[in-house]
Amino acid sequence: MANPLANPVKSSAGAAARPVHIKVRGLTMAFGSFVVMRDLNFTVRHGEIFIIMGGSGCGKSTLMRHLIGLIEPAAGEIYYDGANFTAAAPEERDTMLRRCGVLYQSGALWSSMTLAENVGLPLGEFTDLAPGEIREIASLKLALVGLKGFEDYYPNQVSGGMQKRAGLARAIALDPAALFLDEPSAGLDPVSSNLLDELILELRDSLGTTIVIVTHELASIFAIGDNSVFLDAEIHAMGAFGNPKELRDHSDNPRVRRFLTRGAINLETAPQDG
Amino acid sequence: MIAPDSEAPNVALERDPAGAAVVRIGGRWRLRRGMPATEPIERALEAAGARALRFDAAAVGPWDSSLVGFVVRLEEFCRARNIAVERGALPEGLARMVALAQAVPENRDARARSDAAPLLDRVGAATIAKFAAISNFTEFLGETAIALARMATGRARFRRSDLLEAIQACGANAFAIVTLISYLVGVILAFMGAIQLQQFGAAIYVADLVAIGMVREMGAMMTGIIMSGRTGAAFAAQLGTMKVTQELDALATMGVSPMEFLTAPRVVALVLMMPLLCLYADVVGILGGATVGVVMLRLSLQAYLRESIAAILPATLVGGLVKSAVYGALIALAGCYEGFKCGDSSSAVGDAATRAVVAAIVAIVVACGMFAVLFNILGI
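Counting of residues starts from 1 at the beginning of each chain's written sequence and follows it residue by residue. The order in which chains are written sets their letters, starting at A; the order in which ligands are written sets their numbers, starting at 1. Owing to the predicted nature of the model, reporting of local features is limited to residues with pLDDT of at least 70; listing and counting of side-chain atom pairs is limited to 80 or more, with chain, interface and lining totals taken over all residues.

A.B. asks: Would you mind showing me how to read the overall build of chain A here?
C.D. replies: Per the secondary structure count, chain A includes nine helices and 10 strands. Using C-alpha atoms as the atom set, the radius of gyration is obtained and then compared with a globule rule of 2.2 Å times the number of residues to the power 0.38. Here chain A has a C-alpha radius of gyration of 19 Å; the compact-globule value for 274 residues is 19 Å, and the two agree. By principal-axis analysis of the C-alpha atoms, chain A measures approximately 65 × 45 × 40 Å. Residue burial is a threshold on neighbouring C-beta atoms within 10 Å of the residue's own C-beta, all placed from the backbone, with 20 or more meaning buried, 12 or fewer meaning exposed, and counts in between meaning partly exposed. Out of the 274 residues belonging to chain A, those deemed buried represent 46%. A pair of residues counts as a contact when their C-beta atoms, built from backbone coordinates, are separated by no more than 7 Å. The long-range share in chain A, meaning contacts at least 24 apart out of those at least 6 apart in sequence, stands at 64%. Each helix is a run of DSSP H or I of at least 4 residues and each strand a run of E of at least 2, with the numbering of both proceeding from the N terminus.

In structure tokens, the structure reads:
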């Protein structure tokens, strides 16, 4: 845990002063000869809520899978706190990944385990906690996501939204320094989606966690995003990097503004400020 | 205000001048190093008869969920004993996490699930479930029959390429394993016969024993057992996964009957392929026996094969092939039935595949017994 938990980040102000957490340099993602994205360069700072956005199929989830080492880059490197993740030996990588929590698109809870067992598994593997304490921390994590009392339910006995929240509880089980969320609000109603946004803000504000979110929910992007990268599927490269609201109003890439205004801007007309 | 980093988490209970209890928290709180117990503090609070509690967290270094868990546990204890807790002096982030953990009230309905029903209840429920399973299976059989009838009259909705793929999967792709197993079964039969028959100088009758044994029983039976492990399990796993991922629902809501689209081609493929595999297994088994006859018993290959062919009556051969077709239907039905009634989790898919194999093998052995009685009555 490299982030200073005793000094949690309170707001997005003064973002430039915070140390760089994740650095992506010259990352090219490709499947065989098909290049998904070419030469991505961006940084994510500690305690930042960072949005990976772009149209469907542009490679958002693929980028996330690169960041957590599930796919090897075709070219380029990824650094965590200045240490090269791409070139790291498998054991070093595992140590670095242990500081990351991941919420997969469909929750990816282990269906043969109860919610408490799902959250408790990483605690049992990587801490010295006694079984009773694991159960207690697992209950605490479930309580944080509003699932108190559902410890002994199996994933298929709870709703999709609850599975997602349980997945989040599992992702934060080890108090990760970086939290990766793949489409966290997909399939949630607007109210639940809003609650999830508040929970994400709360986690960042109280624990100082860096949060990387793959999403195309505009409401969430503007509500919680400090910084963002836009993947442009047309040119297979980064379309923009910056604060989502500023990009919406001032980006010189018309496709970025079009995305951030739900297509309300005509690509043919001159840029107009919102 | 930050304690030295090497310091372990520490907790102490003190009294302030006003008489209130103060929990002084300090050190580094790291989940991976475990959590301090709350019991000593709780006992001290009880002994002092405190009515109010506040925290002093000035000496807290970096902290994580272990401290949140500690504070939540202590607060729960205090709530149960009506001790007022003042959270104000906690670090801001910590206070917010504690508040968040207690924001949503516990779902009491969720926890109050009955898990230990009386024995009589459970026996009754199990019996009802068994009867329901019988009626479910009967329904499944009926639906399959209707789907097959529609297929025969060309009215069923299914993809011809699916049928061909199923035929390839349970026909051609099973060749290697059927070859190996039936050759070895032929060898084993020949060895068993040879030991006895050699004593009477009737070694040539090993050929009769192997030929009749393979053609009548073992060819169909061994192919059936191979195919239930290979194809029956695959059917259950395929359909079970389709159930988990809602692909079955997608078919049904589109007005395509899963029975016609999925079950019928699989049943047809296995019923068509099993007799062919069985015939092949018969031949390979006889060759296995011939290997033993020639190498161990010093019979001539020609004499062995002539004796084998003479031993096989046409009715025996047809009987064996009919049996294998029936076994094929049983395997396909068991696989598809277990796949369709699979639960909606990944472990349920594994259970479905296991049950499909067990059900298919039991059904094959039972059917084999029934055929033996039937053929005896018919004099085949």
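Structure shown, so let's carry the discussion forward.
A.B. asks: Would you mind going over the overall build of chain B with me for this structure?
C.D. replies: For chain B, the helix and strand inventory stands at 13 helices and four strands. Compactness check: chain B gives a C-alpha radius of gyration of 35 Å against a globular reference of 21 Å for 380 residues, more than 25% above the reference. Once the C-alpha set of chain B is aligned to its principal axes, its extents read approximately 110 × 55 × 45 Å. Here chain B holds 380 residues, and 37% of them are scored as buried. The contacts of chain B with a sequence gap of at least 6 include a subset with a gap of at least 24, amounting to 83%.

A.B. asks: Where do I start with the interface of chain B and chain A in this structure?
C.D. replies: The accessible area lost on association of the parts is a frequent measure of interface size. Taken together, the contact pairs 30 residues of chain B with 30 residues of chain A. When contributions to the side of chain B that touches chain A are tallied by element, the ones reaching two or more residues are helix H2 (65-80), helix H3 (92-103), helix H4 (108-111) and helix H13 (346-378) of chain B. Per-class residue counts for the side of chain B that touches chain A are 12 nonpolar, nine polar and nine charged. Following the grouping adopted for this structure description, the nonpolar residues are Ala, Val, Leu, Ile, Met, Phe, Trp, Tyr, Cys and Pro, the charged ones are Asp, Glu, Lys and Arg, and the polar ones are all others, Gly among them.

A.B. asks: Just to check I follow, could you spell out the nonpolar core for this structure?
C.D. replies: Side chains that are nonpolar tend, in soluble globular proteins, to be buried together. Connectivity within a nonpolar core runs through C-beta atoms within 7 Å, and the core itself is a set of buried Ala, Val, Leu, Ile, Met, Phe, Trp, Tyr and Cys residues. Judged by nonpolar contacts, the single largest core of 95 residues is most densely connected at A:Ile52, A:Leu142, A:Ala169, A:Phe180, A:Val212, B:Val68 and B:Val71. No other element matches the seven residues that helix H4 (residues 131-144) of chain A contributes to this core. Beyond its immediate chain neighbours, meaning those up to four positions away, A:Val212 contacts A:Val44, A:Phe50, A:Ile52, A:Met64, A:Leu67, A:Ala178 and A:Phe180. B:Met227, B:Leu239, B:Ala353 and B:Ala359 belong to the second largest nonpolar core, which has 69 residues in total.

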